[in-house]
Amino acid sequence: MDDRGSADHPGHGRRIRVELLLLATVAMLALMAAPSLWGEVYTTEDLGFFHIPLRIFFARCLATGADPSWCPQLFCGFDLHGEGQIGLAHPWHRLLYRAFRFETAFNLEFLISYPATMLGMILLLRRRGLPIDASMLGGFMAAFGGFIVFHYMHVNVVAVLAHIPFALLAIDLIMRSESARSRSWPGAALAAITGSQLLLGYPQVVFFSMMIEGLYAASVWFEVRGRPRWLTALVVAKVLGLGLGAVQVLPSWGALAESERSAPTAEFLGMLSLPPTNTVQWLVPYLFESRVYAPAEDLVPGWSVEPASTLSDARVKEYGLYNGVAVPVLLVWVLMRRRHLAHSHLASWAVVVTSLGLMLAFGKYFPVFELSHRLPGFNVFRAPARFVLLVHLASSVLVAVAFADLTALRSRGDRLPWKRLWPLALPTIGSVAIVAAARSCSPEAWLADHQARAGAVFLSVGLVSIVSILVIASARRVSWAPTALAVLITLDLGGYAMTYLASGSRAKLDLLAAFHPVATRSMGERAVFGPGILTCDNMWMFSGRGLVEGYAGLTPVRRLDYAKSSSRRVASAAWSVGRPATPLPDPLPRARLVAEARVSDDPNRDLDTIDPALVALVDRPVALDAGEPSSSLPIIVRDQPGDLRVVVDSPGRRLLVISERNHHGWTARVDRQPAEIIRAYGDFMGIVVEEGQHMVHLRFQPKTLAVGKAISIASMALVIAWPLCLRWRRGPSPLARRTRAVILKGVHRRSASPVDSSSIDARQSSAS
């Protein structure tokens, strides 16, 4: 009897699970998008401090036709393209912020990465032969669990992460293809994916992606064996991808050389290492009040919560190891069934990546850090805790493989004996032991200051116990157990994610602008942060005026101390922002002429010994005409980002000082003739002008950007030509040849039919 429609048939249960997972996905996206329905945007931490104000600047530049590569509103001028996190060269960003209102564009950029991650993971797992319900469960975990939600304020981090499943899918297609021609299309796709990741401007996650891709390629090679005929296509794809991203990589490399991170120390690289105590999150996710353990000594400058006590603490996102209560239980299942898994190679890859990611995330707390922080790639990026990305991505694959095996047992009619299921009780035993030890600790113990309430702690034990029971029930062929397990996983991850998102901040942009007013006298005046104002809050850019300080990933090296009044004066700082704003005494004009220049190897020290209105501190000897200061100030006739034009009327050979940050990308012309830019006061620009009236034109045109753009264009042409050239060289594909043969055969029959009918008529007439 056909029982496909019966309620206890495996196919019926799979359809129910697919529908429930689809419903959970829609619900999660709807909840995440809810603030956009009433015109709000998420403003938590870096979203409000960095991404929103600089994306507003980007959108304004696109609307006015200005070049956003140079942002004059931070640090007295700032290489925004080299800093990278806005992704100025990414086509998706340019389309969004040119075509939509800012709130709509920003919310789309924020949200699109989550369904994209889920789709990529589903396609990858389906490619590896997992059933649709297990693939959707793995995709849900990858998109809405752990790292990707905890780092929602790092919108570009999440966007780079969303590319990883698609990259693994392309690698799988390349390595399992039989011919160079069939490898060309996924090779071109892998190049485009890598280039897109690099253009998003967060190289640390691109580095993580390359590690995951390399381990995946090794796993597939171990599975397919044979000669690595795919190696050439794989290398070419990654090289072309690097070429596509050159327009971002080269300027970022130049910005890194001029930033405070150009020579990171071991202490800096070990900052934000994952304390091993946080591994208890897997078994008791709600043990800590803020869900993570964050030692006070790990407090980063600018983070004011000590110790971590709320979900809004900035360290929570870095130390969040939890990726669902099912992970430890299903990990035990995979280890139990390692010899019987249908997807054992995929499970082995997931276990290796999880183990490696956890070991590297411990950072300075693990002996391997002494070696790893000296290796290329590892010696550039701080925050080893972010290696948790590897753990969470691989654990979502691990759960999908285990869930597929559980449902396959029932479809085959297998039922495991009770004596083989005892290891599934280990996570519950571990959870109970941790809670018992925590509740019995003395009030003076460190854990007493971090423990959550008893209800949350016991909820953790209950969740682990229920998952263990459901896995055992699934192994014993209880029909409703797999569906209940899938529902519990989605509710657990969804609740964990949404309570964290709810702890963040949201606001309307017009209210943010009203909350950050800056009164200034003219466009040339700048502002500094006043007492009690966060120095990492770029929201003060809403005034449209420039800030002497600011917040960025690649903060430029500053040779002056802007806490000193003399430094603020030469930076044209006229106001101290705050509530209310207060004026600063005697700010110097943004453009002025001086008749005396002194060489100084320490401008910060020597600035207090001179009158900066009359004397400039320079890095090399400059011959000037002695005389009184000019009675007329230079006039800035064009003041656009990266484009300054100044009219000067000099009484003699003078030094034009402009309080715009010096950078190797600036070029100068005086009356259309190239001129040399001299470093003035350590941080600013000076140009020598002769007697008379002159037009001085300054443009921000770094060579790294020009060279990177040329390489990216050439790489794009090669990516497009790669599969097309192979198609032209080898002729039509087998499918095209078969189609052509069928068409020609049909044409031949139609052309032969009149001849055949006439001969038949002739034979019939002769016979009659």
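Residues numbered from 1 in each chain as written. Predicted model: local features only at pLDDT ≥ 70, side-chain atom pairs only at ≥ 80, totals over all residues. Heavy atoms only, no water.

**Here's the deal with the overall build of the chain**
- In terms of regular secondary structure, the chain is built from 26 helices and 19 strands.
- Counting only residues that meet the buried cut, the chain has 56% of its 768 residues in that class.
- Surface exposure of the chain reaches about 33,100 Å², of which carbon and sulfur atoms provide 62%. (Helix = DSSP H or I, 4+ residues; strand = E, 2+ residues; numbered from the N terminus. Buried < 20%, exposed > 50% of the residue type's maximum accessible area, 1.4 Å probe, protein only. Areas by Shrake-Rupley, 256 points an atom, 1.4 Å probe, with all protein chains shown as cover.)

**Section: the pattern of salt bridges**
- In this structure the tally under the stated criterion is 29 salt bridges.
- Residue R386 pairs with E318 through a salt bridge whose shortest N-O separation is 2.9 Å. Linking R386 in the loop between helix 17 (369-372) and helix 18 (388-412) with E318 in helix 14 (residues 314-319), this pair joins segments that are 68 residues apart in sequence. Assigned by exposure class, R386 and E318 land together as buried.
- Residues R590 and D639 are paired through a salt bridge, measuring 2.4 Å at the closest nitrogen-oxygen approach. Of this pair, R590 sits in the loop between strand 8 (582-583) and strand 9 (591-594) while D639 is found in strand 12 (residues 635-640), placing the two residues 49 residues apart along the sequence.
- What makes D639 partly exposed here is its relative accessible area of 33%.
- The network of salt bridges with common partners includes R127, R128, D172, R176 and E223. (Salt bridge = Lys/Arg side-chain N within 4 Å of Asp/Glu carboxyl O.)

**As for the pairing of strand 5 (residues 526-529)**
- Residues R526 and V528 of strand 5 are buried on one face, and the alternating residues A527 and F529, pointing to the opposite face, are buried as well.
- Of the pairings in the sheet, the one linking strand 5 to strand 6 (residues 546-547) comprises 2 bridges and is parallel in character. Residue pairing in the sheet places R526 in a bridge with G546 of strand 6.
- Two elements, strand 5 and strand 7 (residues 573-577), share 4 bridges in a ladder whose sense is parallel. Across the sheet, residue R526 finds its bridge partner in strand 7, namely A573. (Pairing = 2+ DSSP bridges.)

**A closer look at the sheet that holds strand 12**
- With antiparallel pairing, the 5 strands of this open sheet are ordered in space as 12-13-19-15-16. The outermost strands of the open sheet, each flanked by one partner alone, are strand 12 and strand 16 (673-675). Neighbour-to-neighbour, the strand axes of the sheet open up by a mean angle of 25 degrees, direction not taken into account.
- Two elements, strand 12 and strand 13 (residues 643-650), share 5 bridges in a ladder whose sense is antiparallel. Its bridge partner lying in strand 13, I636 is registered against V646. (Axes fitted to C-alpha atoms, helices over the stretch in contact; angles between N-to-C directions.)

**Observations regarding the sheet that holds strand 8**
- Spatial strand order, 6-5-7-8: 4 strands in an open sheet with mixed pairing. Sheet topology places strand 6 and strand 8 at the edges, where each strand pairs with a single neighbour.

**Some remarks on the packing of helix 8 (residues 155-176) against helix 10 (residues 203-224)**
- At their nearest, the axes of helix 8 and helix 10 sit 9 Å apart, and the two run at 25 degrees to each other. The orientation of helix 8 relative to helix 10 falls into the category roughly parallel. The handedness of the crossing between helix 8 and helix 10 comes out as right-handed. Facing V157, V160, L161, I164, A167, L168, I171, D172, M175 and R176 of helix 8, the residues of helix 10 in contact are V205, V206, S209, I212, E213, Y216, A217, V220, W221, E223 and V224.
- For the contact of helix 8 with helix 10, the residue count by class is 16 nonpolar, 1 polar and 4 charged. (Parallel < 35°, antiparallel > 145°, perpendicular 65-115°, else oblique. Left-handed = near helix turned anticlockwise from the far one by under 90°. Contact = heavy atoms within 4.5 Å. Nonpolar A, V, L, I, M, F, W, Y, C, P; charged D, E, K, R; others polar.)

**So, helix 6 (residues 132-144)**
- The end-to-end C-alpha separation of helix 6 is 18 Å, in line with the 18 Å expected for 13 residues at 1.5 Å each.
- With 12 of 13 residues buried, helix 6 is to be regarded as a mostly interior element.
- Here helix 6 has its buried residues at D133, A134, S135, M136, L137, G138, G139, F140, M141, A142, A143 and F144.
- Residue G146 follows helix 6 closely and has a positive phi angle near 65 degrees. (Expected span 1.5 Å × (residues − 1).)

**Quick word on the side chain of D133**
- Along the chain, D133 falls in helix 6.
- Among residues more than four places away in sequence, those in contact with D133 are R14, R17, V18, L21, F403 and T407.

**Re the pairing of strand 18 (residues 684-689)**
- Where burial is concerned, most of strand 18 is hidden: 5 out of the 6 residues are buried.
- Summarising the sheet, strand 14 (residues 654-661) and strand 18 pair through 6 bridges and their orientation is antiparallel. Across the sheet, the residue bridging to R661 is F684, located in strand 18.
- Across 3 bridges, the pairing between strand 17 (residues 678-680) and strand 18 is antiparallel. Its bridge partner lying in strand 18, R679 is registered against M685.
- Where strand 17 folds back onto strand 18 in an antiparallel hairpin, the turn is made up of 3 residues, including Y681, whose phi is positive at roughly 55 degrees.

**Description of the packing of helix 19 (residues 426-439) against helix 20 (residues 454-475)**
- At their nearest, the axes of helix 19 and helix 20 sit 8 Å apart, and the two run at 165 degrees to each other. Taken together, helix 19 and helix 20 sit at an angle that is classed as roughly antiparallel. In this structure, helix 19 meets helix 20 at a crossing whose hand is left-handed. Contacts between helix 19 and helix 20 involve P427, T428, S431, V432, V435 and R439 from the first element and A454, V457, F458, S460, V461, V464, S465 and S468 from the second.
- Its residues assigned to classes, the contact of helix 19 with helix 20 shows 8 nonpolar, 5 polar and 1 charged.

**Overview of helix 12 (residues 246-257)**
- Here helix 12 spans 16 Å end to end across 12 residues, near enough to the 16 Å set by a 1.5 Å rise per residue.
- Residues A246, V247, Q248, P251, S252, G254, A255 and L256 constitute the buried set of helix 12.

**Observations regarding the environment of A473**
- Within the secondary structure, A473 sits in helix 20.
- The class for A473 is buried, based on a relative accessible area of 13%.
- Sequence separation between A473 and L416 is 57 residues; the distance between their C-alpha atoms is 10.0 Å.
- Among residues more than four places away in sequence, those in contact with A473 are V478 and A481.

**Remarks on a nonpolar patch on the surface**
- Taken together, I16, L20, L23, V487 and L491 make up a surface patch of nonpolar side chains, about 420 Å² in accessible area.
- The set of elements that each furnish at least two residues to the nonpolar patch consists of helix 1 (10-37) and helix 21 (481-502).
- Here the nonpolar patch takes 3 residues from helix 1, the largest share from any one element.
- Mapped onto the elements of the fold, V487 is located in helix 21. (Patch = residues over 30% accessible without salt bridge, like charges linked within 9 Å, V, L, I, M, F, W, Y side chains within 5 Å.)

**Concerning the confidence of the model for the chain**
- Taken residue by residue, the chain gives an average pLDDT of 85. The fraction at 70 or more is 86%.
- For residues 1-7, every residue scores under 50 in pLDDT, and the model assigns this stretch 6 contacts once sequence neighbours within four places are set aside.
- For the stretch residues 302-309, pLDDT sits under 50, and the model shows 23 contacts to residues farther than four places along the chain or on other chains. (pLDDT = per-residue confidence, 0-100.)

**Some details on the packing of aromatic side chains**
- Taken as a whole and judged by the stated rule, the model has 28 aromatic pairs.
- With a centroid separation of 5.7 Å and an interplanar angle of 40 degrees, the aromatic rings of Y97 and F102 are classed as tilted.
- Residue Y97 is classed as buried on the basis of its relative accessible area of 5%.
- Here F102 falls in the buried class, since its relative accessible area comes to 11%.
- A centroid spacing of 6.0 Å and a plane angle of 85 degrees characterise the contact between F150 and Y496, whose relative ring orientation is edge-to-face. Pair noted here: F150 is in helix 7 (residues 147-150) and Y496 is in helix 21, with a separation of 346 residues, a long-range link.
- On the basis of relative accessible area, F150 is assigned to the buried category, the value being 2%. (Phe/Tyr/Trp six-rings, centres within 6.5 Å; stacked < 30°, edge-to-face > 60°.)

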